[in-house]
Amino acid sequence: MAGFQAVTLDVARLKKDFPILDRDVAGHRLVFLDSAASSQKPRAVLEAMDHYYETTHANVHRGVYTLAEEATRAYEATRSKVAGFIGAPSPRGVVFTKNATEAINLVAHSYGRFCLPKGSAVLLTQMEHHANLVPWLMLREERGVELRFVEIDDSGRLVLDDLDRLLDGVGLVSVTAMSNVLGTLNPVARIAEAAHAAGAVVLVDAAQSVPHAVTDVAALGCDFLAFSAHKMCGPTGIGVLWGREDLLEAMPAFLGGGEMIRDVRLDGWTPNEIPWKFEAGTPPIAEAVGLGAAVDYLGDLGMEAVREHEVALTTHAMTTLAERHGDDLRIFGPPDAHDRGGVLSFTYRDVHPHDLSQVLDSVGVCIRAGHHCARPLMRRLGVPATSRASFYVYNDEADVEALSDGLAAAAELFAL
Amino acid sequence: MAGLEDLYREIILDHYRSPRNRGELPAPPARRVEGFNPLCGDEVILYVDIDDSGRLADIKVDGQGCSISQSSASMMTAAVKGRTEQETRELIRAFKAMMSIHERGLGHADGDGLEAAAAPDPPVDMGELEALRGVVKFPVRIKCATLSWNTLGQAFDQAGPEGTRE
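## Concerning the overall build of chain B
A tally of helices and strands in chain B yields 5 helices and 3 strands. In sequence order, chain B lays out its α and β elements as α-α-β-β-β-α-α-α. The buried share of chain B, taken over its 166 residues, is 39%. Contacts spanning at least 24 positions in sequence make up 70% of the contacts within chain B whose residues lie at least 6 apart.

Structure below.
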């Protein structure tokens, strides 16, 4: 990622990298505004996976033949690329999981059950995705661990005035780096510093932030970081848990099976070294190859440029949508695009998000409607559901205009 | 807006804009039943007053949700008010069959969690409810349309006013 980088993205050229953007929906150009749920894939990622299956595939860490060695090398090469991409000191701390959800479950299951000091609490926030709530609710049910929550204010920011008091007696903090609903970018480094001072470890749900901005685990000061490949131009079926190596060493294995063991006897077993200790069974090898290609792709674009593009597009969207739709449109979250990612959750008049999404689909525009796997946050916002448009590297001002036109069409149809 | 006319028929939009039988009934004596669609947050709360002869003397609907869930609930109340339990159950069965038959045709047989409802024989006259038939072309919206009907079925399955629940 070092060296010369284009300052902004050439989106018109970049759109051509994504084959799916050539298709139409009901006779309309595909306008994909749901990348916060899952991003589309550039040709480079698709070709890398095809190439792997066509030329290389064999199980990893097993055979001594050429294919197996090449497959293992490709799989492990992605581990190194990922480590570089997130500023990790070594690939040893990079554990491949199924997705960010499984990564968080791994920490809740292993660290939460066996390393969390007895009687200590877990601190979460009101804006967490269900993936960063339910594993902890399960831990509470099973072990009686106390859960605490940082509240949010009306503009969708964490209320951190009370942080030190909230942290008293907390053994683990798990917080999203960027809200999948509000787009809010949380001050993770500040939270981590305070958490460490209170003796707690910090897990960051970075599913929304890693795909969209520079990530540096050292600068964040976190102990664990979880994210998914499929939101960052990579394939589904693979995610990452990065963890501090001393913590991963101390944690018991999560799932049992092949690969995660050094020795098995009929009366017991010895775990493998990290990170393989946490990778039971045949891993998603082709997906790892795809993730490696995605990391290369984003690295070539430059994550500073990606972020800059999204700030500019989000600013443009918030400005032009407000100009055209005025009070009919209510956008949740921080008003300044610099404080948020490229995610706009909104309500439009009294049109239900589900209806809005349906009308937009009829003109080729894909947005998400519903509670976005964040029902506690929806309750805090006082709405049953919102519509959500989210941007990525392949979106431009024409996409925002298509969204805006769709809103007007919905207003006309429902005549509310 | 090609395709949407099948979903958003004028009569459906009319029920959405001007819902019938909106409100609450004192419960008890009325039965209060809630239905919830976790996918989109649709919520239907039914108040059902069944008289001594087993007739659905009054029905009110509360809650919030998308146009399909709310208009389907409104159209349902208009269709079942005054009917006997037996007639209402048949209409519920016919409505769910209308949705599930087409759902199977679309290859989403297990998409809705509906029991494979056989259409009543002889066929039930669906009247205005026919307008909702177009929903089956939009499989993810079928749950919106059937929410209130499943909820009404629960109201009958309750033992009586003492079965009222939160």
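## Re the overall build of chain A
Scanning chain A for helices and strands turns up 14 helices and 17 strands. When the backbone C-alpha atoms are referred to their principal axes, chain A occupies close to 70 × 55 × 40 Å. Of all 416 residues assigned to chain A, the portion counted as buried reaches 52%. Taking the contacts inside chain A whose residues are at least 6 apart along the sequence as the reference set, 72% of them involve residues at least 24 apart.

## Let's talk about the environment of A:Thr347
All names here are of chain A. Mapped onto the secondary structure, threonine 347 falls in strand β14 (residues 343-348). On the basis of neighbour counts, which here come to 20 C-beta atoms within 10 Å, the residue threonine 347 falls in the buried class. Distance in space between the C-alpha atoms of threonine 347 and aspartate 328 is 8.1 Å, their sequence separation being 19 residues.

## Some words on the environment of A:Thr282
Residues and elements named next belong to chain A. Relative to the elements of secondary structure, threonine 282 occurs in the loop between β12 (268-271) and α10 (285-301). A tally of 13 C-beta atoms within 10 Å means that threonine 282 is categorised as partly exposed. Spatially, the C-alpha atoms of threonine 282 and arginine 62 are 9.9 Å apart, while their sequence positions differ by 220 residues.

## Observations concerning the pairing of strand β6 (residues 147-150) of chain A
Residues and elements named next belong to chain A. Of the pairings in the sheet, the one linking strand β5 (residues 121-125) to β6 comprises 4 bridges and is parallel in character. The residue of β6 that forms the bridge with leucine 123 is arginine 148. Once the chain exits β5 it traverses helix α5 (residues 134-143) before rejoining the sheet at β6, and the crossover so formed is right-handed.

## A few points about the domain arrangement of chain A
Residues and elements named next belong to chain A. Taken domain by domain, chain A consists of domain 1 (11-32 + 302-414) and domain 2 (46-300). At the junction of the two partners, domain 1 supplies 24 residues and domain 2 supplies 23 residues. Listed by contribution, the elements that provide at least two residues to the side of domain 1 that touches domain 2 are α11 (303-325), β14, α13 (375-381) and β17 (386-390). Ranked by residue count, the leading element in the side of domain 1 that touches domain 2 is α11, at 5 residues.

## So, the interface of chain A and chain B
The partner chain B presents 16 residues to the 16 residues of chain A that form the contact. Listing elements by their share of the side of chain A that touches chain B, those giving two or more residues are α12 (353-361), β16 (368-370) and α14 (397-414) of chain A. Counting residues per element, the side of chain A that touches chain B draws most heavily on α12(A), which supplies 4 residues.

## Description of the packing of α12(A) against α14(A)
All names here are of chain A. Where α12 contacts α14, the two axes come as close as 9 Å, and the packing angle between them is 115°. Here α12 runs over α14; the crossing is right-handed. Across the interface between the two elements, Asp355, Leu356, Val359 and Leu360 from α12 touch Gly406, Ala409, Ala410, Leu413 and Phe414 from α14. Taken together, the residues that form the contact of α12 with α14 break down as 7 nonpolar, 1 polar and 1 charged.

## A short note on the confidence of the model for chain B
Residue and element names in this part refer to chain B. When pLDDT is averaged across chain B, the result is 81; 81% of the residues are at 70 or more. The element-level mean pLDDT for chain B is lowest in helix α4 (residues 85-105), coming to 81, with helix α3 (residues 67-80) highest at 93. Here residues 161-166 scores under 50 on pLDDT; set against residues more than four positions off or in separate chains, the count is 9 contacts. Here the predicted complex carries an ipTM of 0.79, next to a pTM of 0.90.

## Here's the deal with the sheet that holds strand β3 (residues 56-64) of chain B
Residue and element names in this part refer to chain B. Taken together, the 3 strands give an open sheet; going across it, the order is β1-β2-β3, and neighbouring strands pair in antiparallel fashion. Where the open sheet ends on each side, the last strands, each with one partner, are β1 (31-37) and β3. The average undirected angle you get between the axes of adjacent strands in this sheet is 20°. One ladder, built from 7 bridges, connects β1 with strand β2 (residues 42-50); its direction is antiparallel. The residue bridging arginine 32 from the neighbouring strand is tyrosine 47, located in β2. In the packing of α3 onto the sheet, the strands contacted are β1, β2 and β3, and the crossing angle to β3 comes to about 175°. Helix-sheet contacts for helix α5 (residues 142-157) involve β1, β2 and β3, and the interaxial angle to β1 is about 150°.

## Details of the environment of B:Cys144
Following the sequence through the fold, B:Cys144 ends up in helix α5. A count of 28 C-beta atoms within 10 Å places B:Cys144 in the buried class. Separated by 100 residues in the primary sequence, B:Cys144 and B:Val44 place their C-alpha atoms 10 Å from one another. Each residue touching B:Cys144, except ones within four places of it in the same chain, is listed here: A:His354, B:Asn37, B:Cys40, B:Asp42, B:Gly65, B:Cys66, B:Ile68 and B:Ser69.

## So, the pairing of β12(A)
Residue and element names in this part refer to chain A. For strand β11 (residues 261-265) and β12, the ladder comprises 4 bridges, and the chain directions are antiparallel. Within the sheet, the bridge partner assigned to aspartate 263 lies in β12 and is threonine 270. Counted between consecutive antiparallel strands, the loop separating β11 from β12 contains 2 residues.

## Some remarks on the nonpolar core
Residues and elements named next belong to chain A. Within the largest apolar cluster, 173 residues are counted, with the highest numbers of intra-cluster contacts made by Val202, Val204, Cys222, Leu225, Ala226 and Ala294. With 11 residues, the top contributor of residues to this core is α10. Two domains each provide a minimum of three residues to this core, namely domain 1 (11-32 + 302-414) and domain 2 (46-300). Setting aside its immediate chain neighbours within four residues, leucine 225 contacts Ile86, Val204, Ala206, Val217 and Trp242.

## So, the packing of helix α4 (residues 100-114) of chain A against α5(A)
Residues and elements named next belong to chain A. Here α4 crosses α5 at 25°, and the two axes come no closer than 9 Å. In terms of their interaxial angle, α4 and α5 are classed as roughly parallel. Along this stretch, α4 crosses α5, giving a crossing that reads as right-handed. In this structure, α4 uses Ile104, Asn105, Ala108, Gly112 and Arg113 to contact α5, whose residues at the interface are Pro135, Trp136, Leu139 and Arg143. Looking at the contact of α4 with α5 residue by residue, the classes come out as 5 nonpolar, 2 polar and 2 charged.

The rules behind each value
Residues numbered from 1 in each chain as written. Chains lettered and ligands numbered in written order. Predicted model: local features only at pLDDT ≥ 70, side-chain atom pairs only at ≥ 80, totals over all residues. Helix = DSSP H or I, 4+ residues; strand = E, 2+ residues; numbered from the N terminus. Buried ≥ 20, exposed ≤ 12 C-beta atoms within 10 Å, placed from the backbone. Contact = placed C-beta atoms within 7 Å. Pairing = 2+ DSSP bridges. Right-handed = clockwise from strand over helix to strand, strands pointing away. Domains from an automatic or database assignment. Axes fitted to C-alpha atoms, helices over the stretch in contact; angles between N-to-C directions. Left-handed = near helix turned anticlockwise from the far one by under 90°. Nonpolar A, V, L, I, M, F, W, Y, C, P; charged D, E, K, R; others polar. pLDDT = per-residue confidence, 0-100. Core = buried A, V, L, I, M, F, W, Y, C linked by C-beta atoms within 7 Å. Parallel < 35°, antiparallel > 145°, perpendicular 65-115°, else oblique.

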